[in-house]
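# Notes for the structure review
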Amino acid sequence: MNGQKIGYVRVSSSDQNTERQLDGLELDRVFTDKVSGKSTDRPQLQEMLRFVRDGDHLFVHSMDRLARNLIDLRQMVKELTGRGIRITFVKEGLVFNGDDAAMSVLLLSVMGAVAEFERAILRERQSEGIRIARMKGVYKGRKAALTDEQIEEVRKRIEAGVPKSRIAREFKCSRETIYKYFRN
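Remember, it's a predicted structure, so these values are computed and weren't measured experimentally.

### A look at a nonpolar patch on the surface
On the surface, a nonpolar cluster with roughly 500 Å² of combined accessible area is contributed by Met103, Leu106, Leu107, Val110, Met111 and Val114. Summarising the element assignment, Val110 is placed in helix H4 (residues 102–136).

As structure tokens, this is what we get:
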């Protein structure tokens, strides 16, 4: 294999640190997403999928960094190895190259299913904790994106005909936030 060594790193939010994931590996290029892994529609993942070529070796810290559910994980591994790309999941110590033994495929499926199960349990616990906190009156939810003064300013700008997308950029929030406050 004479291809490049490519890394893919993902954390769920912009304030999380990506340093530890592929630390110590000499890579030719690293693609980093700072978004949720619930979907495969991630900018750097899609860019990496377009970039890698036959003979390249893809390094990913762990299976759950590449995909959050077993179907996506198996599909991506199959598609990449089918294109001649070798994949190493560093944490799990698994390597896939397309002519994988039955045991490797089984391990991918079992470990991918365990990761998916862990995620589901975590979400259940989180929902349960929020429900209990709400019943106690402790959980207030997420902080409002805009203050009362900002809402009034946004209202004036909308009435003046300023596009909502521009307003959202100026107030550093999403267009959906603006729409939530001002459904027309």
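Don't stop here, the text continues.
### A word on the nonpolar core
Counting 22 residues, the largest nonpolar core has Tyr8, Met48, Leu58, Leu66, Leu73 and Phe89 as its most contacted members. Listed by contribution, the elements that provide at least two residues to this core are strand S1 (5–11), helix H1 (43–51), strand S3 (57–60), helix H2 (63–66), helix H3 (70–82), strand S4 (86–89) and strand S5 (94–96). A total of four residues in this core trace back to one element, the largest contributor, which is H3. In contact with Met48, not counting residues within four places along its chain, are Ile6, Tyr8, Phe31, Leu58 and Leu66.

### Here we look at helix H5 (residues 148–159)
In a regular helix each residue adds 1.5 Å, so twelve residues correspond to 16 Å; H5 covers 17 Å between its end C-alpha atoms and thus fits that length. Among all positions of H5, only Ile151, Val154 and Ile158 are buried. What you see down the axis of H5 is that its buried residues fit within an arc of 60°, all on one side. Residues of H5 that are exposed and angled more than 90 degrees away from the buried face: Glu149 and Glu159. Buried residues in H5 make contact with helix H6 (164–170) and helix H7 (175–181). Just downstream of H5, Gly161 is the residue with a positive phi angle, here 90°.

### Examining the pairing of S1
The buried fraction of S1 is high, at six of seven residues. Here S1 runs beside S3; their pairing, made up of four bridges, is parallel. Across the sheet, Ile6 pairs through a bridge with Leu58, a residue of S3. Bridge count between S1 and strand S2 (residues 29–34): six bridges; the pairing is parallel. Bridge pairing in S2 links Gly7 to Val30.

### Side note on the pattern of salt bridges
Summed over all chains, the structure comprises six salt bridges. Close ionic contact of Arg83 with Glu79 constitutes a salt bridge, the shortest N to O distance being 2.8 Å. Relative accessible area serves as the criterion here: at 34%, Glu79 is assigned to the partly exposed category. Between Arg157 and Glu153 there is a salt bridge whose closest N-O contact spans 3.1 Å.

Calculation notes
Residues numbered from 1 in each chain as written. Predicted model: local features only at pLDDT ≥ 70, side-chain atom pairs only at ≥ 80, totals over all residues. Heavy atoms only, no water. Patch = residues over 30% accessible without salt bridge, like charges linked within 9 Å, V, L, I, M, F, W, Y side chains within 5 Å. Areas by Shrake-Rupley, 256 points an atom, 1.4 Å probe, with all protein chains shown as cover. Salt bridge = Lys/Arg side-chain N within 4 Å of Asp/Glu carboxyl O. Helix = DSSP H or I, 4+ residues; strand = E, 2+ residues; numbered from the N terminus. Core = buried A, V, L, I, M, F, W, Y, C linked by side-chain atoms within 4.5 Å. Buried < 20%, exposed > 50% of the residue type's maximum accessible area, 1.4 Å probe, protein only. Contact = heavy atoms within 4.5 Å. Expected span 1.5 Å × (residues − 1). Arc of directions from axis to C-beta. Pairing = 2+ DSSP bridges.

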